Amino acid sequence: MPSYKKFLHIGLALDPIHVGAGGARLGRVELTIVRDPVTRVPKIPGSSLAGVYRTYVAMAEHERNPNRPVNHQDWPYYPHCAGLGQPRGEYKGHCARPDCPVCTVFGFARGKDQAGGFAGLAAFTDAHVLLFPVPTRQGPRWITSPDALRLVGLEVHGVDQDAVYLNSPQNNPMNLGWLLLPVTKCEQFEQIDNTLKKYKVPEYICNRLALVPDRLFSHIVNSNLEVRTSVAINPATGAAEEQALFSYEALPRGTVVVWEIIAKNPKHFRIEDKEICAQVNGNKMDDPQKVLEVTKKAHPYLEHLGVGGMGTRGMGRLKVLFPDQSPSTQTVSCSACSTSATSSPSGSSAPSAGDVTASSSGTEQGGAP
Ligand SMILES: [Zn+2]
């Protein structure tokens with residue numbers, strides 16, 4: 001019996017998604033979203049995912065048995081087992097019981113008499129952008145990059161020119177937003193298509209893929225984010241408040257993100273010297289697969305209530321397309337691709353990776369003091 005198992009998750013943004021970076025900054029956009037510090041590509045932090053999963057699993061468990069009495073013998077899951085766990089007023093905090101599917105899977109902040117806590121059986125990685133929709137003259141294209149595809153087990157080599165790599169020849173050059181790029185045909189593109197279809201990425205997206213080098217991916221994503229502007233309305237006059245205009249950015253609708261849930265083996269853990277004895281779908285939660293079954297209860301809520309901020313402004317809904325075993329790695333080579341503009345050099349992708357690291361670390365150092 002393994003001590004843990006990794007499960008790949010692929011999600012489609014049904015609305016723009018805004019997971020705020022916290023605080024406002026001076027610039028084009030006041031309320032920015034969280035970005036990877038190295039690549040500058042926006043992401044949804046694992047902590048945000050863990051938080052919404054916990055809340056939604058607690059809601060699901062509560063709805064399954066809404067008449068559960070409010071006492072220590074039969075603890076209600078929601079809202080008490082959701083949230084931060086510190087008791088406050090009516091809110092009693094986490095129940096911390098070995099038979100609670102919420103507290104065992106997501107952990108709890110304290111045991112009885114405030115002693116210790118429990119880390120939880122499920123761990124969440126950050127959700128990274130896998131496919132990002134960009135307008136072109138021929139309609140939308142979903143761009144991806146070797147770094148992004150590595151997250152779904154595809155090792156893509158030879159994407160080293162400042163070009164768009166496509167499965168079929170198209171109008172050359174192609175515009176991705178404001179950026180005009182030469183088109184290169186990649187013979188092995190079908191492998192990428194097939195892998196994404198296996199992960200239930202809709203066909204209309206798979207048919208409109210475009211592969212770009214990692215260094216361009218970050219630029220294109222950041223210059224095609226959704227930016228909205230809002231203003232506060234004065235309730236007395238019904239008119240806009242002075243100086244209450246603000247703008248915020250978001251991952252656009254149609255973005256496909258990827259994250260992993262690492263599920264630990266419940267048999268290897270004890271809570272106050274008791275075996276973990278939570279139930280899921282009528283069975284004892286006694287292996288990593290059943291820990292995943294608990295987290296899956298959050299998915300319908302994620303699709304309707306969403307993740308991140310601005311939920312009242314039509315933002316945040318995320319549909320989980322694929323929750324299952326992480327894949328083994330496949331290699332795809334674009335090195336032998338023929339270019340209609342120039343012939344492709346036989347370089348590896350190593351120089352481009354170096355470029356990204358060098359330029360990003362420069363920015364970080366510059367911003368540190
Ligand atoms: Zn609980």
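Residues numbered from 1 in each chain as written. Predicted model: local features only at pLDDT ≥ 70, side-chain atom pairs only at ≥ 80, totals over all residues. Heavy atoms only, no water.

Looking at the overall build of the protein chain
In step 1: The helix and strand tally for the protein chain stands at nine helices and 21 strands.
In step 2: Within the span of the protein chain, comprising 369 residues, buried residues form 47% of the whole.
In step 3: If you take every contact in the protein chain between residues at least 6 apart in sequence, the share linking residues at least 24 apart comes to 67%.
In step 4: Entry remark: accessible area of the protein chain is about 17400 Å², with carbon and sulfur atoms responsible for 52%. (Helix = DSSP H or I, 4+ residues; strand = E, 2+ residues; numbered from the N terminus. Buried < 20%, exposed > 50% of the residue type's maximum accessible area, 1.4 Å probe, protein only. Contact = heavy atoms within 4.5 Å. Areas by Shrake-Rupley, 256 points an atom, 1.4 Å probe, with all protein chains shown as cover.)

As for the nonpolar core
In step 1: I10, L130 and I143 are the most contacted members of the largest nonpolar core, which totals 51 residues.
In step 2: Residue contributions to this core peak at five residues, all from strand β4 (residues 127–134).
In step 3: Apart from the residues within four sequence positions on either side, L130 is in contact with I10, I143, T144, A148, L149, V152, L196, F217, V256, V257 and V258.
In step 4: Listed in part, the 48 residues of the second largest apolar core include Y56, V57, F108 and I271. (Core = buried A, V, L, I, M, F, W, Y, C linked by side-chain atoms within 4.5 Å.)

What to know about helix α1 (residues 46–64)
Because each turn of an α-helix spans 3.6 residues, side chains separated by three or four positions in sequence point in the same direction.
In step 1: Its 19 residues place the ends of α1 27 Å apart at the C-alpha level, agreeing with the 27 Å of an ideal helix rising 1.5 Å per residue.
In step 2: The set of residues buried in α1 consists of G46, L49, V52, Y53, R54, Y56, V57, A58, M59, A60 and E61. (Expected span 1.5 Å × (residues − 1).)

Some words on the coordination of the zinc ion
In step 1: Taken together, C81 (SG), C95 (SG), C100 (SG) and C103 (SG) make up the protein donors of the zinc ion, found 2.2 to 2.3 Å from the metal.
In step 2: In this structure, the zinc ion is coordinated by four donor atoms arranged in tetrahedral fashion, with angles at the metal of 104 to 114°.
In step 3: Of note, the zinc ion draws all its donor residues from one chain, in the sequence arrangement C-x13-C-x4-C-x2-C. Here the residue C81 occupies a position in the loop between α1 and α2 (101–106), and C95 occupies one in the loop between α1 and α2, the gap between them amounting to 14 residues.
In step 4: Since its relative accessible area comes to 15%, C95 is described here as buried. (Donors = N, O, S within 2.8 Å, 3.2 Å for Na, K, Ca; no water. Tetrahedral: all angles 85-135°; square planar, octahedral: opposite > 155°, others 65-115°.)

Description of the pattern of salt bridges
In step 1: Enumeration over the complete set of coordinates arrives at 16 salt bridges.
In step 2: R228 serves as the salt-bridge partner of E226, at 2.9 Å between the closest nitrogen and oxygen.
In step 3: A relative accessible area of 24% places E226 in the partly exposed class.
In step 4: K319 serves as the salt-bridge partner of E303, at 3.7 Å between the closest nitrogen and oxygen. Taken together, the residues E303 in helix α8 (residues 299–304) and K319 in strand β19 (residues 318–325) connect sequence positions 16 residues apart.
In step 5: Among the charged side chains, a network of salt bridges with common partners joins D147, R150 and E155. (Salt bridge = Lys/Arg side-chain N within 4 Å of Asp/Glu carboxyl O.)

Some points on the confidence of the model for the protein chain
In step 1: In this model, the protein chain carries a mean pLDDT of 82, and residues with pLDDT of at least 70 account for 84%.
In step 2: Mean pLDDT per element in the protein chain: helix α9 (residues 350–367) is the minimum at 35, and β4 is the maximum at 97.
In step 3: Long-range and interchain partners of residues 338–369, a stretch whose pLDDT sits below 50, account for 30 contacts in this model, where long-range means more than four residues apart. (pLDDT = per-residue confidence, 0-100.)

Brief notes about the pairing of β4
In step 1: Where burial is concerned, most of β4 is hidden: seven out of the eight residues are buried.
In step 2: Pairing geometry for strand β2 (residues 43–44) and β4, over two bridges, is antiparallel. Residue pairing for β4: K43 is matched across the bridge by H128.
In step 3: In terms of strand pairing, β4 meets strand β14 (residues 256–264) through three bridges, oriented antiparallel. Its bridge partner being in β14, V129 is matched across the sheet by V257.
In step 4: One ladder, built from three bridges, connects β4 with strand β5 (residues 141–144); its direction is antiparallel. (Pairing = 2+ DSSP bridges.)

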